[in-house]
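One letter stands for each residue in the lines below.
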Amino acid sequence: MGKLEQIAAAGEVVATHIFPHASHIGKEQRGLLAGQQGATLWLTGLSGAGKSTLAYALERRLLAEGHLSCVLDGDNMRHHLNGDLGFSPRDRQENIRRSAVVARLMNDAGMMVICAFISPLRSDREMARQIIGSDSFIEAYISTPSALCEERDPKGLYKKARAGLIPAFTGVSAPYEAPLAPALMLDTGVLSLEQACERLFQQLCPHFI
């Protein structure tokens, strides 16, 4: 599938009078300069599963090893680029689409991108994979059980959702579709932060570092 077809499949409107320009420098050339290949590690799981904590721990580990990376956190994206979006199914899909486009651009520049998004629907995660490219997309399921996520409730969101203050909250009043074949599955109720971070790091090593 070509880039325009991918964009159209993802729901973007492709204007007929706008033509994309290919860079004269390829992703591989930038990767050689950076000493790594751009890739996106997509962390998905329930609120409270440990996605953001893991993402920032891995970013620190990569920096310590001399690798440039950046975290795209779901909450941060909604405070800035995606601040105009709500939580309807269409807006949630658009949140993932825009974030995947940003990750793709960063990958093309040779950066490692760690995305921490609930991204509850398989179809939205598949859209992200198509936008970023299967060769650069690694899906990691932070499979911490829902009961533990709710027990932690670091932001008080489950409590608000149970009280009816947050409609369509994933894991309470909206579904979460677990990945069917993730590259990696991590339960932070069993693994320590250091163990989970190491497994993520090793997942990147053979292919991108």
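Refer to the structure printed above.
Residues numbered from 1 in each chain as written. Predicted model: local features only at pLDDT ≥ 70, side-chain atom pairs only at ≥ 80, totals over all residues. Heavy atoms only, no water.

### Details of the nonpolar core
Buried together is how nonpolar side chains tend to be arranged in soluble globular proteins.
Part 1 of the argument: Among the nonpolar cores identified, the biggest contains 33 residues, and Leu43, Leu54, Leu58, Leu186 and Leu200 are the most heavily contacted of them.
Part 2 of the argument: Elements with a contribution of two residues or more to this core: strand S1 (39-44), helix H3 (51-64), strand S3 (112-116), strand S4 (137-142), helix H8 (157-162), strand S5 (184-186) and helix H9 (193-208).
Part 3 of the argument: Take this core: its biggest share by element is seven residues, from H9.
Part 4 of the argument: Ignoring sequence-local partners within four residues, the contact set of leucine 43 consists of Lys51, Leu54, Ala55, Ile114, Cys115, Ala116, Phe117, Ala140, Ile142 and Leu200.
Part 5 of the argument: One finds Leu72, Met77, Val101 and Cys115 within the second-largest nonpolar core, a separate group that totals 15 residues. (Core = buried A, V, L, I, M, F, W, Y, C linked by side-chain atoms within 4.5 Å. Buried < 20%, exposed > 50% of the residue type's maximum accessible area, 1.4 Å probe, protein only. Helix = DSSP H or I, 4+ residues; strand = E, 2+ residues; numbered from the N terminus. Contact = heavy atoms within 4.5 Å.)

### Some words on the layout of surface pockets
Part 1 of the argument: One number sums up the size of the largest pocket: a volume of about 860 Å³.
Part 2 of the argument: If you go around the largest pocket, you meet 34 residues; those closest to its centre are Ser47, Asp75, Phe87, Ile118 and Thr170.
Part 3 of the argument: Counting residues per element, the ones that place at least two in the lining of the largest pocket are H3, helix H4 (74-79) and helix H5 (89-108).
Part 4 of the argument: Looking at the lining of the largest pocket, its residues break down into 17 nonpolar, ten polar and seven charged. (1 Å grid on protein atoms, 1.4 Å probe; cavity = no way out; pocket = protein on both sides within 12 Å on 5 of 7 lines; lining within 4 Å. Points joined across faces, edges and corners; volume = space filled by probe spheres on them. Nonpolar A, V, L, I, M, F, W, Y, C, P; charged D, E, K, R; others polar.)

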